[in-house]
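Each chain is listed here by its residues.
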Amino acid sequence: MSSTNIAVVTGAASGIGKAIALAFAEQGTTVVAADLNLDAAKQTAAQNPAIVPMSVDVSDRAQVDALREAVNTEVGVPDILVNAAGWDRTDQFLNATPEFAEKVVAINYLGPVHMASAFLPGMVEASASDDWAGGRVINLASDAGRVGSSGESIYAGAKGGVIALSKSLAREMARHRITVNAVCPGPTDTPLFQAQDEKLKAALIKAIPFRRLARPEEVAAPVLFFASPAASFITGQVISVSGGLTMAG
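All of the points below concern the structure found in this document. In this text, all values refer to a predicted model and were calculated from it rather than measured experimentally. (Residues numbered from 1 in each chain as written. Predicted model: local features only at pLDDT ≥ 70, side-chain atom pairs only at ≥ 80, totals over all residues. Heavy atoms only, no water.)

It is worth spelling out the environment of Asp189 at this point. Here Asp189 lies in the loop between strand 6 (178–185) and helix 7 (191–194). Classification of Asp189 as partly exposed rests on a relative accessible area of 41%. When the C-alpha positions of Asp189 and Ala116 are compared, they lie 27 Å apart, and in sequence the two are 73 residues distant. (Helix = DSSP H or I, 4+ residues; strand = E, 2+ residues; numbered from the N terminus. Buried < 20%, exposed > 50% of the residue type's maximum accessible area, 1.4 Å probe, protein only.)

Next comes the structure, spelled out in structure tokens:
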């Protein structure tokens, strides 16, 4: 894909989303860094002039629609959508309140649903052009959604939904030359991970064959691959970035 690409990256204020936004910008892509925390998104944008910060709560469809209008008007119709926004808090399933469950599902599953629903029509319309190079949707799921994770049952369910959504959208979007793939991080050195209990963090690191956390940049790498010309014939696929912690078939 050319250097004139436009990418929308949610969750771009910190962690994996920030690393993805910066990586795209470094290769010449114009990036909309969309996040609930606009001030932090502006800090991301301050690191590269190709990044435009915008505010969005992905769980709120009205805000997602407003984001789409702002992106289309101020930046242009994107050909890359990366759903990296996510949230969770580790605890046993029986301790989960309905409010907690609804928040986890709203951010981690309905967020990508809202974003895809808002931005895919523009990609589909663009696909009618003879010079359309193809669209890319990359969803950040989780290995919790592939193999399960104790203390993250609702989150795992939501991320499993993201994987199924990615595969189903891939089938529907193929005729429009739009690929849809999913990247599943394992434990990664992000603010969300560092907020976990110290014993849990130590146990997870010990369980990883590489004996360390992933760096956000290492998760960004396969996202950029899925958005590249090298992946033009790859769709509906799921790749884990977990240092060997999970080896799902």
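Next comes the rest of the description.
Here the focus is the packing of helix 1 (residues 15–26) against helix 9 (residues 216–226). Orientation of helix 1 relative to helix 9, taken along the N-to-C sense of each, is 55°, at an axis distance of 8 Å. Of the possible angle classes, the one that applies to helix 1 and helix 9 is oblique. Two packed elements cross with a definite hand, and for helix 1 against helix 9 that hand is right-handed. Residues Gly15, Ile16, Ala19, Ile20, Ala23 and Phe24 of helix 1 form the contact with helix 9, whose participating residues are Pro216, Glu217, Val219, Ala220, Val223 and Leu224. Classifying every residue of the contact of helix 1 with helix 9 gives 10 nonpolar, one polar and one charged. (Axes fitted to C-alpha atoms, helices over the stretch in contact; angles between N-to-C directions. Parallel < 35°, antiparallel > 145°, perpendicular 65-115°, else oblique. Left-handed = near helix turned anticlockwise from the far one by under 90°. Contact = heavy atoms within 4.5 Å. Nonpolar A, V, L, I, M, F, W, Y, C, P; charged D, E, K, R; others polar.)

If you walk through the whole model with that rule in mind, you get four salt bridges. With a closest N to O distance of 3.1 Å, Arg215 and Glu218 form a salt bridge. Linked by salt bridges that have partners in common, Arg61, Asp65, Arg68 and Glu69 make up one network. (Salt bridge = Lys/Arg side-chain N within 4 Å of Asp/Glu carboxyl O.)

Another aspect to go through is the sheet that holds strand 5 (residues 135–140). Spatially, the seven strands line up as an open sheet ordered 3-2-1-4-5-6-7, and their pairing is parallel. Strand pairing shows two members of the sheet lacking a second neighbour, strand 3 (51–55) and strand 7 (238–241), which therefore form its edges. The sheet shows a mean angle of 20° between the axes of neighbouring strands, taken without regard to direction. With four bridges connecting them, strand 6 and strand 7 associate as parallel partners. What sits directly across from Val183, in strand 7, is Ile239. Across the sheet, helix 2 (residues 38–45) touches strand 2 (30–35) and strand 3, and the angle it forms with strand 3 is around 175°. (Pairing = 2+ DSSP bridges.)

This next bit is on the packing of aromatic side chains. For the coordinates displayed, the defined rule picks out two aromatic pairs. A cation sits over an aromatic face here: Lys103 above Trp87, 4.1 Å from the ring centre. (Phe/Tyr/Trp six-rings, centres within 6.5 Å; stacked < 30°, edge-to-face > 60°. Lys NZ or Arg CZ within 6 Å of the ring centre and 35° of its normal.)

Looking now at the side chain of Asn181. Position of Asn181 relative to the elements: it lies in strand 6. The exposure class assigned to Asn181 is buried, which follows from its relative accessible area of 0%. Polar side-chain contacts of Asn181 include one of 3.0 Å to the backbone oxygen of Ile234. Side-chain polar atoms of Asn181 contact the backbone nitrogen of Gln237, separated by 2.9 Å. (Polar contact = N/O pair within 3.5 Å; in protein donor to acceptor, adjacent residues only side chain to side chain.)

This paragraph deals with the packing of helix 4 (residues 98–126) against helix 6 (residues 153–173). Across the interface, helix 4 lies against helix 6 with an axial gap of 9 Å and an inter-helix angle of 15°. Considering the angle they form, helix 4 stands roughly parallel to helix 6. For helix 4 against helix 6, the interelement crossing comes out right-handed. Together, Phe100, Ala101, Val104, Val105, Asn108, Tyr109, Pro112, Val113, Ala116, Leu120 and Val124 of helix 4 and Ile154, Tyr155, Ala158, Lys159, Gly161, Val162, Leu165, Leu169 and Met173 of helix 6 make up the contact between the two elements.

Soluble, globular proteins show a tendency: their nonpolar side chains are buried together. In terms of nonpolar packing, the biggest core is built from 30 residues, with Ile20, Phe24, Val82, Ile138, Leu140, Val183 and Val223 touching the most fellow members. Contributions of two or more residues to this core are made by strand 1 (6–10), helix 1, strand 2, strand 4 (80–83), strand 5 and helix 9. For this core, the leading source of residues is helix 1, giving eight residues. Those residues within four positions of Val82 in sequence are excluded, and the remaining contacts are Val8, Val9, Thr10, Ile20, Phe24, Ile138, Leu140 and Val223. (Core = buried A, V, L, I, M, F, W, Y, C linked by side-chain atoms within 4.5 Å.)

It is a general feature of regular strands that their side chains alternate between the two faces of the sheet. For strand 6, the buried fraction is high: eight of the eight residues fall into the buried class. Here strand 6 shows no split at all, with Ile178, Val180, Ala182 and Cys184 on one side and Thr179, Asn181, Val183 and Pro185 on the other all buried. Two elements, strand 5 and strand 6, share six bridges in a ladder whose sense is parallel. Across the sheet, Asn139 pairs through a bridge with Ala182, a residue of strand 6.

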